[in-house]
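Fold and contact review
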Amino acid sequence: MNIVDLKLDLFASFVYGSNDDIARRDLWYNLVAQSITVSNIPWIILGDFNVTRFTNEVVGGVQGISSAINEFDLCINNANLVDLVFTGVQFIWCNKGDNESIAKKLNRVLVNEKWLLQYPNSYSEFLPPGIFDHA
């Protein structure tokens, strides 16, 4: 039986965050605002946020806590979201650099509490990267 047969309500958002920290603030604002609208509906947000959430989600390059990381984490907390359990590769993006390799977790799947209650066994799977810079 699939989700259509069960006639369950859910809300899905697909995200591509800007490469610019300032421009991403609109996304953070919109996600928090949307969280109020869908607070009683299972909500899943998938995509490339173009920022890491934690310092251990970067290998190589400059590491440390930035305002972008803090703003992203604040957005997730204010929207009452959590990372969905995942399998597969952690570092979704790599620069494929010749001199210095950098790998980051830029893609993620976030869900609200209603999602976890409705779909407790759900998870995301990140496959190994191919010829592109994202897995």
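What counts, and at which threshold
- Residues numbered from 1 in each chain as written.
- Predicted model: local features only at pLDDT ≥ 70, side-chain atom pairs only at ≥ 80, totals over all residues.
- Heavy atoms only, no water.
- Helix = DSSP H or I, 4+ residues; strand = E, 2+ residues; numbered from the N terminus.
- Buried < 20%, exposed > 50% of the residue type's maximum accessible area, 1.4 Å probe, protein only.
- Polar contact = N/O pair within 3.5 Å; in protein donor to acceptor, adjacent residues only side chain to side chain.
- Pairing = 2+ DSSP bridges.
- Axes fitted to C-alpha atoms, helices over the stretch in contact; angles between N-to-C directions.
- Contact = heavy atoms within 4.5 Å.
- pLDDT = per-residue confidence, 0-100.
- Salt bridge = Lys/Arg side-chain N within 4 Å of Asp/Glu carboxyl O.

Here we look at the environment of Phe11
Note that Phe11 resides in strand β1 (residues 11-16). Taking the C-alpha atoms as reference points, Phe11 and Ile45, 34 residues apart in sequence, are found 8.5 Å from one another.

Side note on the side chain of Arg53
Position of Arg53 among the secondary structure elements: in the loop between β2 (43-48) and β3 (58-59). For Arg53, a relative accessible area of 10% gives the class buried. A distance of 2.6 Å separates polar atoms of two side chains, one belonging to Arg53 and the other to Asp73. There is a polar contact of 3.1 Å between the side chain of Arg53 and the side chain of Asp83.

Brief notes about the sheet that holds strand β8 (residues 107-112)
Read from one edge to the other, the open sheet built from four strands follows the order β1-β2-β8-β4, with strand pairing classed as mixed. With one partner strand each, in any of the chains shown, β1 and β4 (81-83) form the two edges of the open sheet. Adjacent strand axes in the sheet meet at a mean angle of 25°, parallel and antiparallel pairs treated alike. Relative to β2, β1 runs parallel, the two being bridged by six bridges. Among the inter-strand pairings, Ser13 is bridged to a residue of β2, identified as Ile45. Strands in contact with helix α2 (residues 21-37) are β1 and β2; relative to β2, the strand with the most contacts, it is inclined by about 165°.

Regarding the pairing of β8
Counting buried residues in β8 gives six out of six residues, a clear majority hidden from the surface. Burial along β8 is two-sided: the residues Asn107, Val109 and Val111 and Arg108, Leu110 and Asn112 are all buried. When β2 meets β8, the two strands line up antiparallel, connected through five bridges. Counted as the bridge partner of Ile45 is Leu110 from β8.

Considerations on the confidence of the model for the protein
On average, residues of the protein score 84 in pLDDT, and 81% of them are at 70 or above. Here helix α1 (residues 3-6) stands out as the least confident element of the protein, with mean pLDDT 60; β4 is the most confident, with 97.

A word on unusual backbone geometry
At Asn50, a residue that is not glycine, the phi angle is positive and equals roughly 60°. Looking at the element boundaries, Asn50 is found in the loop between β2 and β3. Although it is not a glycine, Asn80 sits at a positive phi angle of roughly 55°. Residue Asn80 is classed as exposed on the basis of its relative accessible area, which comes to 60%.

What about the pattern of salt bridges?
All told, the structure shown has five salt bridges when counted by the stated rule. Of the charged contacts in the structure, one is a salt bridge between Asp83 and Arg53, with a shortest N-O distance of 3.1 Å. Placement of Asp83 in strand β4 and of Arg53 in the loop between β2 and β3 is noted, with a sequence separation of 30 residues between them. You can call Asp83 partly exposed: its relative accessible area is 28%.

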